[in-house]
Amino acid sequence: MSSLKLISFTNSNGIVINTKSRKISLDPDRVPHSGLTFISHAHLDHIHASFDGKEVIASSETVYLARERGFNISNYKEEAEGIQTFDAGHILGSRAVLIDDSVFYTGDFALRPRAFLGRGKTSKCDG
Ligand SMILES: [Zn+2]
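The structure reproduced in this document is the subject of the present report. Along each chain, residues carry numbers from 1 onward, in the same order as the chain's sequence is written. The model is predicted, so local features are restricted to residues of pLDDT at least 70 and side-chain atom pairs to those at 80 or more, both for listing and for counting; the totals for chains, interfaces and linings are taken over all residues. Excluding hydrogens and water, the side-chain figures rest on all heavy atoms present in the structure.

**Examining the environment of Asn11**
At step 1: Locating Asn11 in the fold gives a position in the loop between β1 (4-9) and β2 (15-19).
At step 2: Between buried and exposed lies partly exposed: a residue is buried under 20% and exposed over 50% of the maximum accessible area for its type, with that area taken using a 1.4 Å probe on protein chains only. Relative accessible area serves as the criterion here: at 78%, Asn11 is assigned to the exposed category. Numbering of helices and strands runs from the N terminus, with a helix taken as a DSSP run of H or I at least four residues long and a strand as a DSSP run of E at least two residues long.

**With respect to the pattern of salt bridges**
At step 1: Basic side-chain nitrogens of Lys or Arg form a salt bridge, by our definition, when they fall within 4 Å of a carboxyl oxygen of Asp or Glu. Following the criterion strictly, the structure yields two salt bridges and no others.
At step 2: A salt bridge links Arg22 to Asp100; the nearest nitrogen and oxygen atoms lie 3.9 Å apart. Placement of Arg22 in the loop between β2 and β3 (23-26) and of Asp100 in the loop between β8 (95-99) and β9 (103-106) is noted, with a sequence separation of 78 residues between them.
At step 3: Of the residues examined, Asp100 reaches a relative accessible area of 17% and is grouped as buried.
At step 4: The closest approach of N and O atoms between Arg95 and Glu61, which form a salt bridge, is 3.7 Å.

**Brief notes about the nonpolar core**
At step 1: Counting 11 residues, the largest nonpolar core is built from Ile17, Ile24, Leu26, Leu36, Phe38, Ile57, Ile83, Val97, Ile99, Val103 and Tyr105.
At step 2: For this core, the secondary structure elements donating two or more residues are β3, β4 (36-38), β8 and β9.
At step 3: Contact definition: two residues touch when any of their heavy atoms are within 4.5 Å. Setting aside chain neighbours within four positions, we find Ile57 in contact with Leu36, Thr37, Phe38, Ile39, Lys77, Glu78, Glu79, Ala80, Ile83 and Thr85.
At step 4: What we call a nonpolar core is a set of buried Ala, Val, Leu, Ile, Met, Phe, Trp, Tyr and Cys residues that are connected through their side-chain atoms within 4.5 Å. Among the nonpolar cores identified, the runner-up in size contains nine residues, and Ile47, Phe51, Ala58 and Phe71 belong to it.

**Some points on helix α1 (residues 60-68)**
At step 1: Those residues of α1 not exposed but buried are Thr62, Val63 and Ala66. Within α1, the buried residues cover an arc of 100 degrees as seen down the axis, which keeps them to one side.
At step 2: Buried residues belonging to α1 abut β6 (75-77).
At step 3: Looking one or two residues beyond α1, the residue adopting positive phi is Gly70, at roughly 95 degrees. Along the arc lie the directions from the helix axis toward the C-beta atoms.

Structure, rendered in structure tokens:
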């Protein structure tokens, strides 16, 4: 059974997922006041600000590329309890995320391998 109690979709700051234990903002337009943030990749339509001190899920490659573009992410992990990430195959470091086996999200995705990038990975989920 899913541990999700509510999925909120907002048009003011991206998609927000509320589970029993936390709020997760997916590629938000602004730094959220609270909760965890997932940044799928370092294209500028997916990262808009520095996340100093905020808890972020992102790949180390995304953190590096974001820093090169002037956005600092100081407190990040590649995965967390109940949160798995998968190669999205879009750009270096791009990730999809599976939250509590219920929600699968990615900002951009490629199913064909290109140059050094492999095919994006998917996962089954309950939702
Ligand atoms: Zn992109």
